[in-house]
Amino acid sequence: MKKLNIFTKGFFKENAVFVMMLGLCPTLGTTTSAINGLGMGLATTFVLVMSNIVISLVKRQIPDQVRIPSFIVIIASFVTIVELVMQAYVPDLYDVLGLFIPLIVVNCIILGRAEAFASKNNAFDSMLDGLGMGLGFAMALTILGSVREILGSGSIFNISIYKGDGALVFVLAPGAFIVLGYLIALINRLSEKA
Amino acid sequence: MEYILIIISAIFVNNVILSRFLGLCPFFGVSKQVGTAAGMGGAVVFVMTIATIVTYLLQKYVLVSFKIEYMQTITFILVIAALVQLVEIILKKVSPALYQALGIYLPLITTNCAVLGVAILAVGTDGFGLIKSTLFAMSSAIGFGLALVIFAGLREQLDLTDVPEGMKGVPIAFVTAGLLALAFMGFSGIA
């Protein structure tokens with residue numbers, strides 16, 4: 001498999017959110033604004049890349065029966081690192097993302113890639129796979145966050161676009177579901193035409 | 001009185017799926033039929049309640065006592081993984097039919113953000129002792145099951161209606177979930 005392909009498939013063909021429908025909880029829960037979505041996406045990318053690398057390095061040492069729990073421990077360790085680093089260096093973002101940061105450990109994308117790719121490939125390819133899927137995920141989150149922020153708060157990345165308030169519902173729970181539904185419909189349409 | 005408030009708040013006002021965004025993967029995966037949805041809901045009630053009790057005790061007597069709170073994520077998820085294994089084994093013996101029906105979704109309760117999320121929320125809420133945490137977990141799981149069963153009913157109906165081509169399947173399911181979430185927002189006037 002071409003190296004470049006491993007990296008790019010996470011952006012469009014196998015995009016975690018729009019195509020594979022994985023990692024939905026943080027997708028809907030942290031995209032109240034563009035910057036929140038981006039922050040969450042990058043934190044998840046870090047955990048995904050690091051755990052992919054480590055798992056592909058130790059894959060031969062792990063007995064098959066304890067495969068999944070071992071993966072979970074490795075992933076949980078990196079999530080704890082991300083938690084502590086974010087708490088120290090970006091406390092505002094840490095407070096906004098709240099519960100969803102420790103929930104990165106149960107993000108189906110990370111365990112999914114560990115099982116499907118990292119446990120069967122070398123460290124460099126696993127890093128590329130993690131980077132591609134993670135950044136694709138971050139891209140999806142940023143897009144969703146931007147749409148919700150523009151429609152709901154009238155700003156993007158905290159820069160005000162139009163005067164007055166947006167439609168509050170888009171920043172709240174129902175809006176998240178509805179916007180994502182239409183985005184997926186749009187992307188399905190675009191990929192059919194392409 | 002406080003207990004009733006916890007129950008109503010966890011089931012309706014701050015519904016685990018429709019308001020807190022936890023447990024979404026099974027929400028869209030298992031909700032195609034009411035029967036399976038109900039079975040999944042029951043399994044989650046069991047796992048979530050016991051997981052919260054165990055993690056609460058762990059947090060109080062181990063993590064805080066030895067000042068290793070940063071181990072919370074790792075220990076909690078391991079406890080949940082072990083519990084789900086246990087439920088799988090028990091279910092296989094007690095009700096093989098339900099075990100077959102749930103299929104892959106049973107081990108997926110481990111990665112269900114709802115179980116880990118509720119456990120973390122319970123230990124993080126001030127003034128929540130063991131009883132209130134257990135009540136909170138049980139009510140949250142009931143709310144999860146409720147949303148799941150309602151959504152399954154909605155989806156069964158959606159299959160019979162005339163949906164525009166581009167919206168068929170996933171997109172219309174999401175929009176419907178959004179409308180359901182909007183309906184549940186009406187409960188916020190109660191608490």
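Each residue is numbered by its place in its chain's sequence as written, counting from 1. Lettering of chains starts at A and numbering of ligands starts at 1, both following the order in which they are written. Only residues with pLDDT of at least 70 are given local features in this predicted model, and only at 80 or more are side-chain atom pairs given and counted; all residues enter the totals for whole chains, interfaces and linings.

A closer look at the overall build of chain B
Helix and strand definitions follow DSSP, with helices as H or I runs of at least four residues and strands as E runs of at least two, each counted in order from the N terminus. Of the regular secondary structure elements, chain B holds eight helices and zero strands. Taking 16 Å as the expected radius of gyration for a compact globule of 191 residues, we find that chain B reaches 17 Å, a close match to that expectation. With respect to the three principal axes, the spread of C-alpha positions in chain B is 60 × 45 × 30 Å. In chain B, which comprises 191 residues, the proportion classed as buried is 45%. The contact rule is simple: place each C-beta atom from the backbone, and if two of them lie within 7 Å, those residues are in contact. Partitioning the contacts of chain B with sequence separation of at least 6, the portion at a separation of at least 24 is 81%. To get the radius of gyration, use the C-alpha atoms; to get the globule rule, take the number of residues to the power 0.38 and multiply by 2.2 Å. For the exposure call, what matters is how many other C-beta atoms sit within 10 Å of a residue's own: 20 or more marks it buried, 12 or fewer exposed, and in between partly exposed, using C-beta atoms placed from the backbone.

Notes on the interface of chain B and chain A
On the chain A side, the residues contacting the 33 residues of chain B number 33 residues. Contributions of two or more residues to the side of chain B that touches chain A are made by α2 (24-29), α4 (72-94), α6 (113-124) and α8 (170-185) of chain B. The dominant element in the side of chain B that touches chain A, judged by the number of residues it contributes, is α8 of chain B, at eleven residues. Three residue categories are used. Nonpolar comprises Ala, Val, Leu, Ile, Met, Phe, Trp, Tyr, Cys and Pro, charged comprises Asp, Glu, Lys and Arg, and polar comprises the others, including Gly. Looking at the side of chain B that touches chain A residue by residue, the class counts come to 26 nonpolar, seven polar and no charged.

Digging into unusual backbone geometry
All names here are of chain B. At F21, a residue that is not glycine, the phi angle is positive and equals roughly 65°. Despite not being glycine, K67 shows a phi value in the positive range, around 55°. Relative to the helices and strands, K67 is located in the loop between α3 (34-63) and α4. Taking the number of C-beta atoms within 10 Å as the measure of exposure, K67 has 7 and is therefore exposed.

Considerations on the environment of L131 of chain A
Residues and elements named next belong to chain A. Looking at where L131 falls in the secondary structure, it is placed in helix α7 (residues 123-153). Spatially, the C-alpha atom of L131 lies 9.4 Å from that of N52, the residues being 79 residues apart in sequence. When neighbours within four sequence positions are excluded, L131 is seen to be in contact with F7, T45 and V49.

Here's the deal with the confidence of the model for chain B
Scored from 0 to 100, pLDDT reflects the predictor's confidence in each residue. Per-residue pLDDT for chain B has a mean of 84; in total, 97% of the residues score no lower than 70. Complex prediction metrics read pTM 0.84 and ipTM 0.80.

As for the environment of A177 of chain B
Along the chain, A177 of chain B falls in helix α8. Residue A177 of chain B is classed as buried on the basis of its C-beta count, with 28 C-beta atoms lying within 10 Å. For A177 of chain B and A147 of chain B, which are 30 residues apart along the polypeptide, the C-alpha to C-alpha distance reads 9.4 Å. With residues near it in sequence (within four places) discarded, A177 of chain B still touches F177 of chain A together with F151 of chain B.

Thoughts on the packing of helix α7 (residues 130-158) of chain B against α8 of chain B
All names here are of chain B. Running from N to C, α7 and α8 cross one another at 135°; their axes reach a closest spacing of 11 Å. Relative to α8, the element α7 lies oblique. Note on packing geometry: the crossing formed by α7 with α8 is right-handed. Contact residues: α7 offers I150, F151, L154, R155 and L158, while α8 offers I172, A173, T176, A177 and L180. Here the contact of α7 with α8 is composed, by residue class, of eight nonpolar, one polar and one charged. Axes here mean lines fitted to C-alpha atoms, for a helix over just the part in contact, with angles spanning 0 to 180 degrees between N-to-C directions. Angles are sorted into four bins: roughly parallel if under 35 degrees, roughly antiparallel if over 145, roughly perpendicular if 65 to 115, and oblique for all others. Here a crossing is taken to be left-handed if its near helix is turned anticlockwise relative to the far helix by less than a right angle, and right-handed if that turn runs clockwise.

Points about α4 of chain B
Note that an α-helix has 3.6 residues per turn; residues three or four places apart therefore point the same way. By definition here, a helix of n residues has an expected span of 1.5 Å times n minus one. If you check α4 of chain B, its first and last C-alpha atoms are 32 Å apart, about what 23 residues at 1.5 Å a residue would give, namely 33 Å. Listed as buried for α4 of chain B are Q72, T73, I74, F76, I77, I80, L83, V84 and V87 of chain B. Structurally, α4 of chain B contributes buried residues whose contacts are with α4 (67-89) of chain A together with α3 and α6 of chain B.

A closer look at α6 of chain B
End to end, α6 of chain B covers 16 Å across twelve residues, agreeing with the expected 16 Å (1.5 Å per residue, within 8%). In terms of residue burial, α6 of chain B counts as a mostly covered element, since eleven of its twelve residues are buried. Among all positions in α6 of chain B, only C113, A114, V115, L116, G117, V118, A119, I120, L121, A122 and V123 of chain B are buried. Looking at the packing, one finds that the buried side of α6 of chain B touches α2 (24-29) of chain A together with α3, α4 and α7 of chain B.

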